[in-house]
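In case you want the letters, here they are:
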Amino acid sequence: MRHIISILMENEAGALSRVAGLFSARGYNIESLTVAATEDESLSRMTLVTRGTDEVIEQITKQLNKLIDVVKLMDMHEGPHIEREMMLIKVRAAGPAREEVKRLADIFRGRIIDVSDTIYTIEVTGTSEKLDAFVGAITRTDIIEVVRSGVTGIARGERALHL
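Everything quoted here is computed from the prediction, not taken from an experiment. (Residues numbered from 1 in each chain as written. Predicted model: local features only at pLDDT ≥ 70, side-chain atom pairs only at ≥ 80, totals over all residues. Heavy atoms only, no water.)

Student: Mind laying out the side chain of Asp-142, listing which residues take part and the relevant values?
Tutor: With respect to the helices and strands, the residue Asp-142 is situated in the loop between helix H4 (128-137) and strand E8 (143-148). In this structure Asp-142 is buried but unpaired, with Arg-92 as the nearest side chain of opposite charge at 5.6 Å. If near-sequence neighbours (up to four positions away) are discounted, Asp-142 is found in contact with Lys-90, Val-91 and Arg-92. (Helix = DSSP H or I, 4+ residues; strand = E, 2+ residues; numbered from the N terminus. Buried < 20%, exposed > 50% of the residue type's maximum accessible area, 1.4 Å probe, protein only. Lys, Arg positive; Asp, Glu negative; His and termini not counted. Salt bridge = Lys/Arg side-chain N within 4 Å of Asp/Glu carboxyl O. Contact = heavy atoms within 4.5 Å.)

Student: Run through the nonpolar core, naming residues and quoting values.
Tutor: Counting residues in each nonpolar core, the largest one holds 16 residues, and the members touching the most others are Met-87, Ile-89, Val-91, Ile-122 and Phe-134. Not counting the four nearest positions on each side in its chain, Ile-89 is found in contact with Tyr-120, Thr-121, Ile-122, Phe-134, Val-135, Ile-143, Glu-145 and Val-146. Within the second largest apolar cluster, 15 residues are counted, among which are Leu-22, Phe-23, Leu-67 and Val-70. (Core = buried A, V, L, I, M, F, W, Y, C linked by side-chain atoms within 4.5 Å.)

Student: Tell me about a nonpolar patch on the surface, residues and numbers included.
Tutor: A contiguous nonpolar surface patch, about 220 Å² in accessible area, is contributed by Leu-16, Leu-33 and Val-35. Position of Leu-33 relative to the elements: it lies in strand E2 (residues 32-37). By relative accessible area, Leu-33 is classed as partly exposed at 33%. (Patch = residues over 30% accessible without salt bridge, like charges linked within 9 Å, V, L, I, M, F, W, Y side chains within 5 Å. Areas by Shrake-Rupley, 256 points an atom, 1.4 Å probe, with all protein chains shown as cover.)

Set out below in structure tokens:
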């Protein structure tokens, strides 16, 4: 099962490396990873996506909590949450395909952010499934480049990851 784990950690050199090392040492895979400073410049928030059984995820969270840099963590799977990912995709858009690509971007609520005579660069934001569906809707030979930000998420309602 897919889990989104948000980690509040000390904002210092080597913290990310220790988390990544924990995963690689135990043979766990990180599907997506985003990290940025919070409103408190001494803390960073890391959001990672991984897959595993409930037992594996429990083991991961226990190991993460043992790391000196980890202040607090939350498995988003434990309650309602909002998740988003951003993708920039560069596609061929020439001749009659130009209007079709624009139509697909509109359907997926994407924004064309750069235009040339033969290429569109489109920004699409949403769940990973939505981004995957957009990539699937574009003809493979028309895709020039894809860049994805990785998942970020926040709990709904009163539940929050803070000190």
